[in-house]
Amino acid sequence: MIDKAPVMVLDEHGRTENGFGGGLKTFDFELDVPGGPVHFEVHVAQRPANLSDLVPLARMISARLSLATMNNLRRDGACVPCRKGCPACCTYMVPLSVPEAFRLWDDVSDLPADQRGSVYESCVAAAQKILEAVPQDLAGNEPTQTDSLHISRLGGWYAGLRLPCPFLSDGLCTSYQDRPLACREHLVTGSAAPCRGEGPAEPSVVPLPVSVLECLGQLTAELEQSELEAVMLPLALPWAKENIERSRQTWPATAMVERFIEILRETTNDGRQRTDDGRRREKRLSIADWRLPI
């Protein structure tokens, strides 16, 4: 229904998933990436939207950019081992943007009661293991002025837990179509063996021309007038439950999409996230009520 989908993504044939085509504002834009520009077309209803309403659009953009990157790499002769069914990176830390955390809560809430309870229990069990394993030097609620922690260190600590994603079952992702932006944007070249921790080599991660995850985070920070945040996947459901009122805030859908596209374009051209005065925004990873700079 249009009430539940103020942002409607057009597929490559110019059709909306729910068939609405009239009375909507259309955004037609391109993002320049290696190998050639990628074209997008989106219908947006003239009505309020919340943060989770942007997630299908962000997923589509991320998927198209990742595919364009993979095709360009393969044209250059590179081997990209990433494919559906490969769980080699499914013990890595997966950060969700705030809109994704709220969308996950909405999606899980729509499941039948037995499935909903199973998913929630799996996430809570993983969250408990994470919080029990937090090193003392990472356990403070606020970072100190001398804290030089980076995402690589935090990611290394998390990978050392060898904690499977709560949505992984028998080596397959049970939410593959709705997987996080971080998963869509994680590409490697060469062999998948380093992803499994086999051998001394590090995975050869391919940087995308733009991180849709970071752009969606920046948009959220601007709308809420807050710092950039991300939430660890296993903690996203309890986090979203704690912030349910925040998830219900709305803004004009067309204004949200227009600014999101501007951020994507700016980032594609500039190659990094910046605030209006040119300084890099600080990002934080929320672990329930525990935050770390990343």
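Since the model is a prediction, treat every value here as computed from it, not as a measurement. (Residues numbered from 1 in each chain as written. Predicted model: local features only at pLDDT ≥ 70, side-chain atom pairs only at ≥ 80, totals over all residues. Heavy atoms only, no water.)

Let us now look at the nonpolar core. In this structure, Ile61, Leu65 and Phe260 are the most contacted members of the largest nonpolar core, which totals 52 residues. With 7 residues, helix H9 (residues 253-270) is the single largest residue contributor to this core. The residues contacting leucine 65, other than those within four sequence positions of it, are Leu31, Val33, Val38, Phe40, Val210 and Val212. Residues Ile130, Val134, Leu154 and Leu235 belong to the second largest nonpolar core, which totals 11 residues. (Core = buried A, V, L, I, M, F, W, Y, C linked by side-chain atoms within 4.5 Å. Buried < 20%, exposed > 50% of the residue type's maximum accessible area, 1.4 Å probe, protein only. Helix = DSSP H or I, 4+ residues; strand = E, 2+ residues; numbered from the N terminus. Contact = heavy atoms within 4.5 Å.)

Position of arginine 179 among the secondary structure elements: in the loop between strand E7 (172-173) and helix H5 (181-184). Of the buried charged residues, arginine 179 lacks a salt bridge, with aspartate 178 as the closest side chain of opposite charge at 8.0 Å. Once you skip the residues sitting within four places of it in the chain, arginine 179 turns out to touch Arg59 and Arg184. (Lys, Arg positive; Asp, Glu negative; His and termini not counted. Salt bridge = Lys/Arg side-chain N within 4 Å of Asp/Glu carboxyl O.)

Here the phi dihedral of arginine 162 falls at roughly 55°; this positive angle occurs in a residue that is not glycine. Backbone geometry at aspartate 170 places phi at a positive 55°, although glycine is not the residue there. Residue placement: aspartate 170 occurs in the loop between strand E6 (168-169) and E7. Of the residues examined, aspartate 170 reaches a relative accessible area of 79% and is grouped as exposed.

Further remarks concern helix H3 (residues 113-132). Between the first and last C-alpha of H3 there are 28 Å, a value that for 20 residues agrees with the 28 Å anticipated at 1.5 Å per step. Those residues of H3 not exposed but buried are Val119, Cys123, Ala126, Ala127 and Ile130. Down the axis of H3, the buried set is contained in an arc of 105°. They therefore lie on one face. For H3, the exposed residues set more than 90 degrees away from the buried face come down to Ala113, Asp114, Glu121, Lys129 and Glu132. (Expected span 1.5 Å × (residues − 1). Arc of directions from axis to C-beta.)

Below, the discussion takes up the packing of aromatic side chains. Scanning the model with the defined rule gives 3 aromatic pairs in all. Arranged with centres 5.1 Å apart and planes meeting at 25°, the rings of phenylalanine 29 and phenylalanine 40 form a pair that is stacked. With a gap of 11 residues between them, phenylalanine 29 in strand E2 (residues 25-31) and phenylalanine 40 in strand E3 (residues 38-44) connect regions that are remote in the sequence. Per residue, the accessibility class of phenylalanine 29 equals that of phenylalanine 40, and both read buried. Note on tryptophan 105 and tyrosine 120: the rings are 6.4 Å apart at their centroids and 75° apart in plane angle, and the pair reads as edge-to-face. With tryptophan 105 in helix H2 (residues 98-109) and tyrosine 120 in helix H3, the pair connects residues that are 15 residues apart, well separated along the chain. Residue tyrosine 120 is classed as partly exposed on the basis of its relative accessible area of 24%. (Phe/Tyr/Trp six-rings, centres within 6.5 Å; stacked < 30°, edge-to-face > 60°.)

Within the secondary structure, arginine 265 is located in helix H9. Sequence spacing of arginine 265 and cysteine 215 is 50 residues, and the spatial spacing of their C-alpha atoms is 9.7 Å. Each residue touching arginine 265, except ones within four places of it in the same chain, is listed here: Asp28, Phe29, Glu30 and Leu31.

The subject of this paragraph is the pairing of strand E10 (residues 228-232). Counting buried residues along E10, 5 of its 5 residues qualify, which places the element largely inside the surrounding structure. Across the two faces of E10 the burial is the same, with Leu228, Ala230 and Met232 and Glu229 and Val231 all buried. Taken together, the 3 bridges between strand E5 (residues 95-97) and E10 define a ladder with antiparallel strand orientation. Its bridge partner being in E10, leucine 96 is matched across the sheet by valine 231. (Pairing = 2+ DSSP bridges.)

Glancing now at H2. Taking 1.5 Å as the rise per residue, H2 with 12 residues should run 16 Å; its terminal C-alpha atoms sit 17 Å apart, in good agreement. With 9 of its 12 residues buried, H2 lies for the most part within the structure.

Across the protein, the average pLDDT comes to 79, with 78% of residues at 70 or higher. Here residues 141-150 is a poorly scored stretch, pLDDT under 50, and it has 11 contacts once near neighbours within four places are set aside; other chains count. Below pLDDT 50 for its whole length, residues 288-294 participates in 32 contacts with residues either more than four positions away or in separate chains. (pLDDT = per-residue confidence, 0-100.)

Here we take up the side chain of arginine 259. Here arginine 259 lies in helix H9. The exposure class of arginine 259 is buried, given its relative accessible area of 18%. Within the structure, arginine 259 has its side chain in polar contact with the side chain of glutamate 222 (distance 2.8 Å). Separated by 3.1 Å, the side chains of arginine 259 and glutamate 262 make a polar contact. (Polar contact = N/O pair within 3.5 Å; in protein donor to acceptor, adjacent residues only side chain to side chain.)

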